[in-house]
Amino acid sequence: MNLFAYTRPASVAEAVAAGQAPGAAYLAAGTNLLDLMKGGVMTPTHLVDVTRLPGLDRIDVLEDGGVRIGALVRNADLAHDARFAKTYPAVAEALLAGASAQLRNAATTAGNLMQRTRCQYFYDPASPCNKRAPGAGCAAVGGATRLHAVLGWSEHCIATHPSDFCVPLAALDAVVEIASGAGTRAVALTDFYPLPGDAPERETVLAPGELITGVRLPPEAAGFQAHARYLKVRDRTSYAFAVVSAAAALRLDGDRIGEARLALGGVALKPWRAREAESVLAGRAPDRAAFREAAEAALAGASPSGEANAFKIELARRIVVRALTLAAAGTPARVPALPASPFAPSPAGAAHG
Ligand code: SF4
């Protein structure tokens, strides 16, 4: 039994003051943190319960046409907000592809961003893990690597980021709002997670005590609502993290792609924005040849991090083609309750990659 102090601050200012104490951790729904504490993986000495902070459970349309999602908005509430789901369908689809209904009812926006990797060795305190104990080594290297990274990994850590929600957020240029004792700052989601390099214990750009207060989507993100999809391939449709996923969003100008957005999940220690692939697609007809070329560009830098995960590279290419194909066919009137199956009938004229 690890003893810890518990505080429930009444304001963001009180929270960030308490969060600066050595050994402090912020607690929202606790869907990941409490499991980690029970398993002895995390041993905070002070829990700062932010669940009652006022004003962080709102979805606000901004004057510039963007949207602000409060840090405490529940994943299910966001996915089922009719205006939000209509405007950002790939984000809603990703939320509904994540976890289980019970977890989505509890899990928060900021908690989703802050969840830890699901690398099985990270969750086993008996295994060496550079993320848990810097310098200890990485048990995954040479171990069971089927779900590990194929992009952006280092010899010090080959884990992947587990979030579905963050993948379309990365594609749509989401910005993370952060509060500290010094005020507030904003960081692009694509810059929020450093790659592991030689310091995989550093998982985000947050300084000690900094608190996520919200996530913003810029006005341009709404311009993709007619052609946006999230496609997740996982071992068990009812509840599993992504083997590979992709968020694809297109803005069509007549019979050409005016602008494309693409991000991948399950392939790296961060949601992976595929800007080279986006460049390939701009100005092209939305057809299989362009999508396959984009997929090649998206995975051009990929390499297996273990014997068991080379298959993810070609799988990711095919998921990219399929997600772009689905996006080009048009956002469905209703977001599917379960992720679009790669084995479902193809939209007219579409084929598997
Ligand atoms: Fe730890 Fe990363 Fe290695 Fe997994 S892959 S054991 S999280 S260092």
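Relevant structure appears above.
Being a predicted model, the structure only gives us computed values, none of them experimental.

Asks: What is the right way to look at unusual backbone geometry in this model?
Replies: Leaving glycine out, the prevailing phi sign among residues is negative, and the prevailing peptide bond configuration is trans. Of note in the backbone geometry, Ala 99 takes a positive phi value of approximately 55° without being a glycine. Checked against the element boundaries, Ala 99 lands in the loop between helix H5 (89-97) and helix H6 (101-106). On the accessibility criterion, Ala 99 (26% relative accessible area) is partly exposed. In this structure, Asp 173 is a non-glycine residue whose phi angle is positive, near 65°.

Asks: What am I meant to see in the sheet that holds strand S7 (residues 183-188) here?
Replies: Through backbone hydrogen bonds, the strands of a sheet pair up, either in parallel or in antiparallel fashion. Overall, antiparallel pairing links the five strands, which are arranged S4-S5-S8-S6-S7 in an open sheet. What marks the edges here is a single partner per strand, and that holds for strand S4 (59-61) and S7. Here the average twist between neighbouring strands, direction ignored, is 25°. Two strands pair when backbone bridges link them, and strand S6 (residues 175-180) and strand S8 (residues 211-217) are joined in this way by five bridges, in the antiparallel orientation. Across the sheet, residue Val 175 finds its bridge partner in S8, namely Arg 216. Strands S6 and S8 of the sheet are contacted by helix H1 (residues 12-19), whose axis makes an angle of about 125° with S8.

Asks: What should I look at first to understand the sheet that holds strand S3 (residues 46-49) in this one?
Replies: Pairing in this open sheet of three strands is parallel, and the strands run S1-S3-S2 from one edge to the other. The open sheet has two edge strands with one neighbour each: strand S1 (5-7) and strand S2 (24-27). Neighbouring strand axes in the sheet, compared pairwise and without regard to direction, differ in orientation by 25° on average. Note that S1 and S3 share three bridges and pair parallel. In the strand pairing of S3, Tyr 6 is matched with Leu 47. Running at roughly 145° to S2, H1 makes contact with S2 and S3 of the sheet.

Asks: I tried to follow the pairing of strand S9 (residues 228-233) on my own but got confused; where do I start?
Replies: For S9, the buried fraction is high: six of the six residues fall into the buried class. The two faces of S9 match: Ala 228, Tyr 230 and Lys 232 on one face and Arg 229, Leu 231 and Val 233 on the other face are all buried. Strand direction decides the pairing type here: S9 and strand S10 (residues 244-253), joined by six bridges, are antiparallel. Opposite Arg 229, over in S10, you have Ala 248 as the bridge partner.

Asks: Looking at this structure, how should I read the nonpolar core?
Replies: Ranked by internal contacts, the top residues of the largest apolar core, which has 43 residues, are Leu 113, Leu 169, Leu 189, Phe 192 and Leu 217. If you tally residues by element for this core, the top one is H5, at six residues.

Asks: Can you help me understand the site of the ligand in this one?
Replies: Inspection of the region around the ligand gives 14 residues, with Cys 119, Cys 129, Cys 138, Cys 157 and Ile 158 positioned closest. Considering only residue class, the shell around the ligand consists of eleven nonpolar, two polar and one charged.

Asks: In this structure, what is going on with the packing of aromatic side chains? I would like to understand it.
Replies: Think of a pair of aromatic rings as described by two things: how far the centres are apart, and how the planes are tilted against each other in angle. Scanning all chains against the criterion turns up three aromatic pairs. With 4.9 Å between their ring centres and 45° between their planes, Phe 84 and Tyr 88 make a pair best called tilted. Like Tyr 88, Phe 84 is buried. Ring centres 5.0 Å apart and planes at 90° place the aromatic pair Phe 192 and Tyr 193 in the edge-to-face group. This pair shows no difference in class: Phe 192 is buried, exactly as Tyr 193 is.

Asks: Quick question: what am I supposed to make of the pattern of salt bridges here?
Replies: Side chains that differ in charge, positive against negative, can pair when their charged atoms come close. Applying the stated criterion across every chain yields a total of 22 salt bridges. Linking Glu 210 and Arg 185 is a salt bridge whose minimum nitrogen-to-oxygen distance equals 2.7 Å. Residue Glu 210 is located in the loop between helix H9 (189-192) and S8, and its partner Arg 185 is located in strand S7; the two are separated by 25 residues in the primary sequence. Judged by relative accessible area, Arg 185 falls into the partly exposed class, the value being 34%. The partner of Glu 259 in a salt bridge is Arg 261, with the nearest N and O atoms 3.1 Å apart. Judged by its relative accessible area of 27%, Glu 259 falls in the partly exposed class. Beyond isolated ion pairs, a larger network of salt bridges with shared partners links Asp 173, Arg 251, Asp 253, Glu 259, Arg 261, Arg 273 and Glu 278.

Asks: Where do I start with the pairing of S6 in this structure?
Replies: In terms of residue burial, S6 counts as a mostly covered element, since five of its six residues are buried. One ladder, built from six bridges, connects S6 with S7; its direction is antiparallel. Note that in S7 the partner of Ala 179 across the bridge is Thr 184. Hairpin connection from S6 to S7: two residues lie between these consecutive antiparallel strands.

Cut-offs used in this document
Residues numbered from 1 in each chain as written. Predicted model: local features only at pLDDT ≥ 70, side-chain atom pairs only at ≥ 80, totals over all residues. Heavy atoms only, no water. Helix = DSSP H or I, 4+ residues; strand = E, 2+ residues; numbered from the N terminus. Buried < 20%, exposed > 50% of the residue type's maximum accessible area, 1.4 Å probe, protein only. Pairing = 2+ DSSP bridges. Axes fitted to C-alpha atoms, helices over the stretch in contact; angles between N-to-C directions. Contact = heavy atoms within 4.5 Å. Core = buried A, V, L, I, M, F, W, Y, C linked by side-chain atoms within 4.5 Å. Near = heavy atom within 4 Å. Nonpolar A, V, L, I, M, F, W, Y, C, P; charged D, E, K, R; others polar. Phe/Tyr/Trp six-rings, centres within 6.5 Å; stacked < 30°, edge-to-face > 60°. Salt bridge = Lys/Arg side-chain N within 4 Å of Asp/Glu carboxyl O.

In short, shape yes, function no, at least from these values alone.
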